[in-house]
Amino acid sequence: MRAIFVVLLIATPWLLMPGPNDSAPIVLLVAIFVGWLVFSEYMTEYPSLIEFRDAPPYNRLRFGALFATVLVLTLIQRGVQYPTPISQIFTSISHVVGAAMDFPFSPVRLMMLTLPEGTHSADYDLLRRTAGIAYLMSLISLVFFIFIMWLNGWPRQNGSFNVWTNLPTFDPTGGGDVVGRLNRDANLYVALGFLLPFLIPAMLKMASGIIDPIAVDQPKSLIWTISLWAFIPSSLLMRGIATARVASMIADKRRRSMDRDAEDLHVFG
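In this report, the structure presented in the accompanying data block is examined. (Residues numbered from 1 in each chain as written. Predicted model: local features only at pLDDT ≥ 70, side-chain atom pairs only at ≥ 80, totals over all residues. Heavy atoms only, no water.)

For the rest of this paragraph, the subject is the overall build of the chain. When its secondary structure is counted, the chain shows nine helices and zero strands. Mapped in sequence order, the helices and strands of the chain form the string α-α-α-α-α-α-α-α-α. Structurally, the chain occupies a C-alpha span of about 80 × 40 × 40 Å along its principal axes. Relative to its 269 residues, the chain shows a buried fraction of 42%. A separation of at least 24 residues holds for 77% of the contacts in the chain among residues at least 6 apart in sequence. Summed over its atoms, the accessible surface of the chain is roughly 15,000 Å², and 68% of this surface lies on carbon and sulfur atoms. (Helix = DSSP H or I, 4+ residues; strand = E, 2+ residues; numbered from the N terminus. Buried < 20%, exposed > 50% of the residue type's maximum accessible area, 1.4 Å probe, protein only. Contact = heavy atoms within 4.5 Å. Areas by Shrake-Rupley, 256 points an atom, 1.4 Å probe, with all protein chains shown as cover.)

Further remarks concern the packing of helix 1 (residues 2–16) against helix 2 (residues 24–43). Packing of helix 1 against helix 2 leaves a shortest axis separation of 7 Å and a crossing angle of 160 degrees. Overall, the two elements helix 1 and helix 2 adopt an arrangement that is roughly antiparallel. Considering only the axes of helix 1 and helix 2, their crossing is right-handed. Along the contact surface, helix 1 presents Arg2, Ala3, Val6, Val7, Ile10 and Trp14, while helix 2 presents Val27, Val30, Ala31, Val34, Gly35, Val38, Phe39 and Tyr42. Tallied by class, the residues present in the contact of helix 1 with helix 2 amount to twelve nonpolar, one polar and one charged. (Axes fitted to C-alpha atoms, helices over the stretch in contact; angles between N-to-C directions. Parallel < 35°, antiparallel > 145°, perpendicular 65-115°, else oblique. Left-handed = near helix turned anticlockwise from the far one by under 90°. Nonpolar A, V, L, I, M, F, W, Y, C, P; charged D, E, K, R; others polar.)

On to the nonpolar core, then. One finds Met111, Leu127, Ile226 and Trp229 to be the most contacted residues of the largest nonpolar core, which totals 39 residues. Elements with a contribution of two residues or more to this core: helix 1, helix 2, helix 3 (58–81), helix 4 (85–101), helix 5 (107–112), helix 6 (121–152), helix 8 (178–206) and helix 9 (219–268). (Core = buried A, V, L, I, M, F, W, Y, C linked by side-chain atoms within 4.5 Å.)

So, on to the pattern of salt bridges. The full count for this structure, using the stated rule, is eight salt bridges. Asp102 is the partner of Arg128 in a salt bridge, and the nearest nitrogen-oxygen pair spans 2.9 Å. Linking Arg128 in helix 6 with Asp102 in the loop between helix 4 and helix 5, this pair joins segments that are 26 residues apart in sequence. Linked by salt bridges that have partners in common, Asp102, Arg109, Asp125, Arg128 and Arg129 make up one network. (Salt bridge = Lys/Arg side-chain N within 4 Å of Asp/Glu carboxyl O.)

Nonpolar side chains collect at one region of the surface, where Met1, Ile4, Phe5, Leu8 and Leu15 lie side by side and expose about 540 Å² of accessible area between them. For Leu8, the position within the fold is in helix 1. (Patch = residues over 30% accessible without salt bridge, like charges linked within 9 Å, V, L, I, M, F, W, Y side chains within 5 Å.)

A separate point is the packing of aromatic side chains. Applying the stated criterion across every chain, the model contains nine aromatic pairs. Between Tyr58 and Trp154, the ring centres sit 5.9 Å apart and the planes meet at 25 degrees, which makes this aromatic pair stacked. Here Tyr58 is found in helix 3, whereas its partner Trp154 is found in the loop between helix 6 and helix 7 (163–166), with 96 residues between them in sequence. With respect to burial, Tyr58 and Trp154 carry one shared label: buried. Here the aromatic rings of Phe147 and Trp150 are separated by 6.2 Å at their centres, their planes lie at 45 degrees, and the arrangement is tilted. Separated by three residues within a single helix, Phe147 and Trp150 lie in helix 6, roughly one turn from each other. Relative accessible area serves as the criterion here: at 41%, Phe147 is assigned to the partly exposed category. Among the aromatic residues, ring-to-ring pairing joins Phe52, Tyr58, Phe145 and Trp154 into one connected group. It is Arg2 that lies over the ring of Tyr42; its NZ or CZ is 4.3 Å from the centre. (Phe/Tyr/Trp six-rings, centres within 6.5 Å; stacked < 30°, edge-to-face > 60°. Lys NZ or Arg CZ within 6 Å of the ring centre and 35° of its normal.)

So, about the environment of Trp229. Topologically, Trp229 is positioned in helix 9. The class for Trp229 is buried, based on a relative accessible area of 1%. Here the alpha-carbon distance between Trp229 and Phe198, two residues 31 residues apart in the chain, equals 9.8 Å.

Put into structure tokens, the structure is as follows:
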């Protein structure tokens with residue numbers, strides 16, 4: 001089911017958007033490959049890439065946030081040519097959200113500056129609306145994850161937590177203290193999560209002389225560009241918070257073990 005949902009996620013813009021789908025074979029090939037990768041990761045006993053496989057709802061929340069963002073942006077783009085009651089609702093919400101989040105030095109304003117001079121005002125408005133609602137949804141998913149972690153004591157709400165199974169890309173024998181390395185990685189993820197919404201527009205602006213990264217006249221490309229721009233930073237923030245949580249769990253377990261050993265020495269000493 002996870003593999004099917006991943007395939008559906010990748011194919012959603014091509015399934016719902018009108019117009020010719022010349023790239024459909026490539027999209028289908030990519031969707032099948034990613035779906036097979038997810039299927040193989042969850043079917044093996046020890047994963048090799050996907051982190052926190054046995055610590056729901058971490059991956060479910062991230063996937064749900066990305067799927068919801070892609071679906072909403074697709075409905076907004078579809079509503080430009082074929083308006084429906086649902087697309088009109090999301091379009092109206094995106095107008096309000098985009099206007100509220102379009103202020104100086106905001107990520108939405110920086111994303112709008114990537115458009116070339118002379119861009120039509122309707123294209124500016126479309127980018128503002130899509131970027132604003134996508135960024136808001138990423139913030140909502142991040143706040144929801146923090147709330148779940150605080151409310152349920154994630155990731156130990158379901159019992160034991162295997163650190164090495166849920167962190168397959170982390171090498172515990174890489175040198176140095178494990179807790180210190182986990183905290184260092186967590187700080188790096190959090191810093192990147194905060195900076196990327198501002199750095200990505202700058203990188204897109206620098207690349208505008210070579211490619212056209214924000215193609216407003218290409219809806220499918222715009223959907224994925226804005227979705228990933230909003231999703232990757234929030235995903236890194238979640239990963240940093242989760243990694244810091246794991247480091248705190250290991251430190252607490254060490255402290256309890258040391259206290260228990262000290263009590264044993266006191267009793268038998």
